[in-house]
Amino acid sequence: MRTPKLSTDQIFLKAVTLHKEGKFKEAEPLYREILKKIEITQLDIHNNLGTLLCKNRRFNEAEKIYSEVINCTVPDTHMYYKLAITFGNQGKFMSAILAFQEAINLEPSDMKIKYQLAVAHMEIGDFNNAAEYFEDYVYDYKNDGIGFYLLGKCYFESGDYPAALLALKKSNELSKGDHKTLYYIGRSLASLGEDLDAAR
């Protein structure tokens, strides 16, 4: 007796189930089978396959999936974001910045994107631009100690030691004596001709 042929929706459901169970090798060919049958505008399949490939650290293949979608569909914030993360995982930080920027152009108020864009700028040593994005981020997330720490580090690396000290002290309040924060507080104070004990 023949096994009934599965519809595209049934194949997708099976692929998603296997994906959630961590059975990536079984899920991948099902996703690829669906891609041959559907229009490229159906983003869920591409997103899921790209995510699966990234979980297996096959970032160059995921990059191709996301790039194909972006080149053939209307601009999509999530696809640009996923592409940028994939670039970053490969150390392609300039490409990541460009993709994050496209995402920000579509969603200017998305702080998650601004945070990642700031980190990418830090990776290439562009601390001034990184600080601008972190400033926006901590304005919305006033209790994020890591955000203030990274902002303070950017100020420090840019030579703005008073601003660095303010941001790092705020981070210290929130993160309760994190050693990295204290280290940069000490360096900022030294650059200003003060010492850590006097600041306390």
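For the structure itself, consult the block above.
The structure contained in this document is the topic of the report that follows. (Residues numbered from 1 in each chain as written. Predicted model: local features only at pLDDT ≥ 70, side-chain atom pairs only at ≥ 80, totals over all residues. Heavy atoms only, no water.)

1. Brief notes about the packing of aromatic side chains
Phase 1: For the structure on display, the rule yields eight aromatic pairs.
Phase 2: Ring geometry for Phe-156 versus Tyr-184: centroids 5.4 Å apart, planes at 75°, classification edge-to-face. In this pair, Phe-156 is assigned in helix α9 (residues 145–158) and Tyr-184 in helix α11 (residues 179–191), connecting sequence segments 28 residues apart.
Phase 3: Classification of Phe-156 by relative accessible area gives buried; the value is 6%.
Phase 4: Clustering of aromatic rings is evident, with ring pairs tying together Tyr-149, Phe-156, Tyr-161, Tyr-183 and Tyr-184. (Phe/Tyr/Trp six-rings, centres within 6.5 Å; stacked < 30°, edge-to-face > 60°. Helix = DSSP H or I, 4+ residues; strand = E, 2+ residues; numbered from the N terminus. Buried < 20%, exposed > 50% of the residue type's maximum accessible area, 1.4 Å probe, protein only.)

2. Points about the pattern of salt bridges
Phase 1: Under the criterion given, the structure shown has four salt bridges.
Phase 2: Between Lys-114 and Asp-136 there is a salt bridge, with the nearest N and O atoms lying 2.9 Å from each other. Remark: Asp-136 occurs in helix α8 (residues 127–140) and Lys-114 occurs in helix α7 (residues 111–123); sequence separation between them is 22 residues.
Phase 3: Under the relative-accessibility criterion, Lys-114 is labelled buried at 11%.
Phase 4: Here Glu-173 and Lys-170 are joined by a salt bridge, their closest N and O atoms 4.0 Å apart. (Salt bridge = Lys/Arg side-chain N within 4 Å of Asp/Glu carboxyl O.)

3. Structural notes on the environment of Phe-100
Phase 1: Looking at the secondary structure, you find Phe-100 in helix α6 (residues 93–106).
Phase 2: Look at Phe-100 and you get buried, because its relative accessible area is 3%.
Phase 3: For Phe-100 and Lys-114, which are 14 residues apart along the polypeptide, the C-alpha to C-alpha distance reads 7.9 Å.
Phase 4: Filtering out sequence-adjacent residues up to four positions away, Phe-100 remains in contact with Tyr-81, Ala-84, Ile-85, Ile-113, Gln-116, Leu-117 and Ala-120. (Contact = heavy atoms within 4.5 Å.)

4. Thoughts on the packing of helix α5 (residues 77–89) against α7
Phase 1: Two elements in contact, α5 and α7, have axes whose closest approach is 12 Å; the angle formed by their N-to-C orientations is 25°. Classified by the interaxial angle, the pair formed by α5 and α7 is roughly parallel. When you trace α5 past α7, the crossing you get is left-handed. Taken together, the residues of α7 that come into contact with α5 (itself represented by Thr-77, Tyr-81 and Ile-85) are Lys-112, Ile-113 and Gln-116.
Phase 2: Taken together, the residues that form the contact of α5 with α7 break down as three nonpolar, two polar and one charged. (Axes fitted to C-alpha atoms, helices over the stretch in contact; angles between N-to-C directions. Parallel < 35°, antiparallel > 145°, perpendicular 65-115°, else oblique. Left-handed = near helix turned anticlockwise from the far one by under 90°. Nonpolar A, V, L, I, M, F, W, Y, C, P; charged D, E, K, R; others polar.)

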